[in-house]
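Listed below, chain by chain, are the residues.
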Amino acid sequence: MKRATNPMHPFASKWHPNLVRSGLAVAMTVALAACGGGEDGSSLSANQMAAAPTPTPNPGNPTPTPNPTNPTPTPTPVTPTPTPAPGNNGAPPLTQLNDWPKISYPRANDALVEQRVNALLGQLTLAEKVGQMTQVEIASVTPAEITQYHIGSVLNGGGSWPGGKQAASVQDWLTLADNLWAASTSSANAHPIPLIWGTDAVHGHNNVRGATLFPQNIGLGATRDPALLRQIGAAVAQEVTHTGIDWAFGPTVAVVRDDRWGRTYEGYAEYPEVTEAYAREIVEGMQGNLGLDGSNEKVVATVKHFLGDGGTTLGTDQGVTVTDEYTLRNIHGRGYVGALEGGVQTVMASFSSWQNSADPNAKAIKMHGNKYLLTDILKTKMGFDGFVVSDWNGIGQITTANSDSPTNCSNGDCPWAINAGVDMIMVPARDDWKAFISNTIAEVQNGTIPQARIDDAVRRILRVKVRLGLFEKPRPSARTKSHAIGTAANRAIARQAVRESLVLLKNNDQTLPLSRNAKILVAGKSADSVSNQSGGWTISWQGTGVTSADFPGATSFWSAVKSIAPNATLDTSATGDKANSTYDVAIAVIGETPYAEGQGDIGKTKTLELARLHPEDIALIESLKAKGVKKIVTVLYSGRPLFTSREINRSDAFVAAWLPGSEGGGITDVLFRKADGTTNFNFHGKLSYSWPKSACQTPLNIGDADYSPLYAYGYGLTYAFTPNQPQYDETSQAYGCGQSGGGGPSATDPLEVYFHGNQAPWTMYLGAPSNWGGVTVAQATANATATPGGELKATPVDDQGGIQWGAMKLTWNGTGQAYMQATGTDLTPYLATGALVFDAKISHAPTDDVIARVDCGYPCMGQISIKSAIVAQPLNTWKTLAIPLACFAAAGTDFTQVNTPFLLYTGGQFEISVGNIRWEPNNAGNITCAGTAK
């Protein structure tokens, strides 16, 4: 294609020629040329440098001192004059879609595929067809059941591994894949059909120990390099196939409009220009030419989550996106345009809902039950001929209130989801998928689900399997010559991605790049943590519960530094104890710690201010400064833009590194000079999310009428242009972004939740990886209730007053949670002075962290670690424990809609008996918000 006006601009120079087909490259290069900056960073516009806020005095940040590691003369401070940016209110121009486009992706063998699919479909029984529509979790099915029920697909959820082993080897994955494949193709079935295995490979093959971990999508968005996305897609597909798996649940193409969302880092950008272009490239990298290019190192891709998951009110996970259809199409739908142009074969429905703001009578419709969008738009108008897969138990959320379904659904029964257009149902737990199969068969037989709808769904599933070549492929372990993961070639791609994703926000007095011979102190909780470096969806679902042993071959930031800087020292203390004035520079590696969906939401009670979310970070920086280190360079790991003015003001240089993954060497490639003193790699990244200048400046998106960020969409300094910056406003906010700061009336009577058994309306449940949907705990019986995988069981026991079966003994042998739950209700009156109180007898001390939680309709929640208080209690002795409710409010609980007033979670072995669970007013508690006993 024709290059942009300024061919050396780092955005424009990377567009893949094929992108001209979608018109997105033209739109982006026009916008980027208007930014007026070449790769040498000779100028910045409003798209790169936001107008500086009025400086506020900061006595804690003196005038920067000379930099002995970088003798380049100090430049005169410059505040660039903003110039008008192109498009609507500064947004890059983007061709608007006045209707949903018809997209075709013809393949050379389409006619033969359809002939084969129709012939096979005509031979299948109803039971075989429904089996093909069923996707189950690997921990909840046996090979014999695969054969018996004609199961069409399996998945491993986040934090699920063969045999439940977190350290499962590649051979373990291959062995299970072979066994399940053999069961699906067994001659015991009249019509054996190979199953397809799906996995959440969202930033590499991230469930598998030793795999290459690429930067999370938020970092890839900053690279502005679609061709790199194609390479990443191919590398991910290769490693997935090397473990015998056929299908990757990615890419996520959410266009994130409110950074409070806990999945912000899964989106490439806040504006659809990047997302649409990337979607096509990564899909084509993952899928290739499905079955026609002779490669067994390609997978089926899934574009998700359809539709509008990035636009929910308050950034609430699984919330409601309120917008008109025009905006839904042009903001949230553009990633699907790109993905369909790339030939994507599967689409995953979103947990979220859409409420059409143009219709005053419209209700919020769950996407799993939205026939208009799934069938009328995606399949009919846009021409998608692959299949739609539900998300984890997503059908169970459909009710008469949030859909046009005549009945409320359950995990094991939802005819409306099928009728609305979901083709394959992700129903993980054994009891649920067995119920789903029997219920669906019965509903076809009684006419609730038309036979034609079943045939359409199965035809789509078979079409994808035939296109992938599954019927011709041998057992999974025999499909590729190599089973290597984490290869040098793939790590090199990931390292390049890290380099290109880094955004230089500040570089006063040209502090960077650093000399390799400088005396350097490396500090911060994330300096030597590949876990914090990688974020959620890493080995486990939330990215927690992992150690350095889970990342063989990975390179932490510190490991990368010590390999090139002989005078560098690691300081693992929280306050930089080793710091002193002899150090030329301290590098503080700070930021968020891992989280994934639900638990990462900011919610109503928190803000985007890093100093409140992680006060240990600003404490470290201030300690380093107080101890006299000459320069401070801050490297921020985060899954979203954050209000970081305090940290920026106290840093001489500040780098947004996002969540870079396993290749920390990509950071040092840019931060450090070569051994001969010349620049190694320049900064390349440009913000794909606007950076806030206050704690609750959200939503904040390019194109907003009142757009005024600290750093604008498209901003990013280079070594050739690093104007000194003033001090920024540090004003904090003492209450959450969804709160008014006011109080409310106080309660006077206790709220009984569990007293000698469930107290209406509250019911006790168990949840675990084998069934997160919840197992109802039997009351007043000698029999134990257990999760299907045996992670957790509950046994009624006598309470501390001797009342038979008046308490519940909870025994953990793995990850799980016990909780009380009912419909959400406003419990604000208890917040001012109340505490969560329960009687407890610990019989086995915990081997892992223990979390206490109060939920407000998952994923809204507040949680604190109480392991310290738990281990301080004597064993086998009843004690009353009390946690101030204000602790949960500070951690994110919205007390206007509490549905889970009590939850205990751990990931190891632990045994505790609990009774008399209640909320007590006027109780200051005996456990602190830090989780320690008073």
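Residues numbered from 1 in each chain as written. Predicted model: local features only at pLDDT ≥ 70, side-chain atom pairs only at ≥ 80, totals over all residues. Heavy atoms only, no water.

Going by an unreviewed UniProt entry, the chain carries the name Periplasmic beta-glucosidase and comes from Amantichitinum ursilacus. On record in UniProt, under Sequence similarities (unreviewed entry), the comment for the chain is "Belongs to the glycosyl hydrolase 3 family." (UniProt positions renumbered as here; feature names shortened; annotations may be inferred.)

Along the backbone of the chain there are 23 helices and 30 strands. Of all 934 residues assigned to the chain, the portion counted as buried reaches 62%. With the model as given, the accessible surface of the chain reaches about 30,300 Å², and the carbon-plus-sulfur share is 52%. (Helix = DSSP H or I, 4+ residues; strand = E, 2+ residues; numbered from the N terminus. Buried < 20%, exposed > 50% of the residue type's maximum accessible area, 1.4 Å probe, protein only. Areas by Shrake-Rupley, 256 points an atom, 1.4 Å probe, with all protein chains shown as cover.)

Next up on the list: the nonpolar core. Judged by nonpolar contacts, the single largest core of 127 residues is most densely connected at V154, W197, F306 and L373. When residues in this core are grouped by element, the largest group, eight residues, is from helix α14 (residues 451–468). The residue makeup of this core includes at least three contributed by each of domain 1 (110–478) and domain 2 (502–671). Those residues in contact with F306 that lie beyond four places of it in its chain are Y336, V347, M348, A349, S350, M367, L373, L374 and L378. In terms of nonpolar packing, the next biggest core, distinct from the first, is built from 73 residues, L502, A579, A596 and Y719 among them. (Core = buried A, V, L, I, M, F, W, Y, C linked by side-chain atoms within 4.5 Å. Domains from an automatic or database assignment. Contact = heavy atoms within 4.5 Å.)

So, on to unusual backbone geometry. At the junction of G250 and P251, the peptide bond is cis and its omega measures out at 10° in the coordinates. Relative to the elements of secondary structure, P251 occurs in the loop between β4 (247–248) and α8 (272–287). Of note, the bond from K304 into H305 is cis; its omega dihedral lies within 30 degrees of zero at -5°. Positionally, H305 belongs in strand β5 (residues 300–306).

Quick look at the pattern of salt bridges now. Here the structure, examined in full by the defined rule, presents 41 salt bridges. Between D652 and K631 there is a salt bridge; the shortest N-O distance is 3.8 Å. Here the residue D652 occupies a position in the loop between α20 (645–649) and β17 (653–658), and K631 occupies one in the loop between α19 (615–626) and β16 (632–637), the gap between them amounting to 21 residues. Linking R853 and D855 is a salt bridge whose minimum nitrogen-to-oxygen distance equals 2.8 Å. Judged on exposure class, the residue R853 and its partner D855 are both buried. Bridged by salt links that share partners, the residues R230, R280, E281, E284 and E341 form one connected network. (Salt bridge = Lys/Arg side-chain N within 4 Å of Asp/Glu carboxyl O.)

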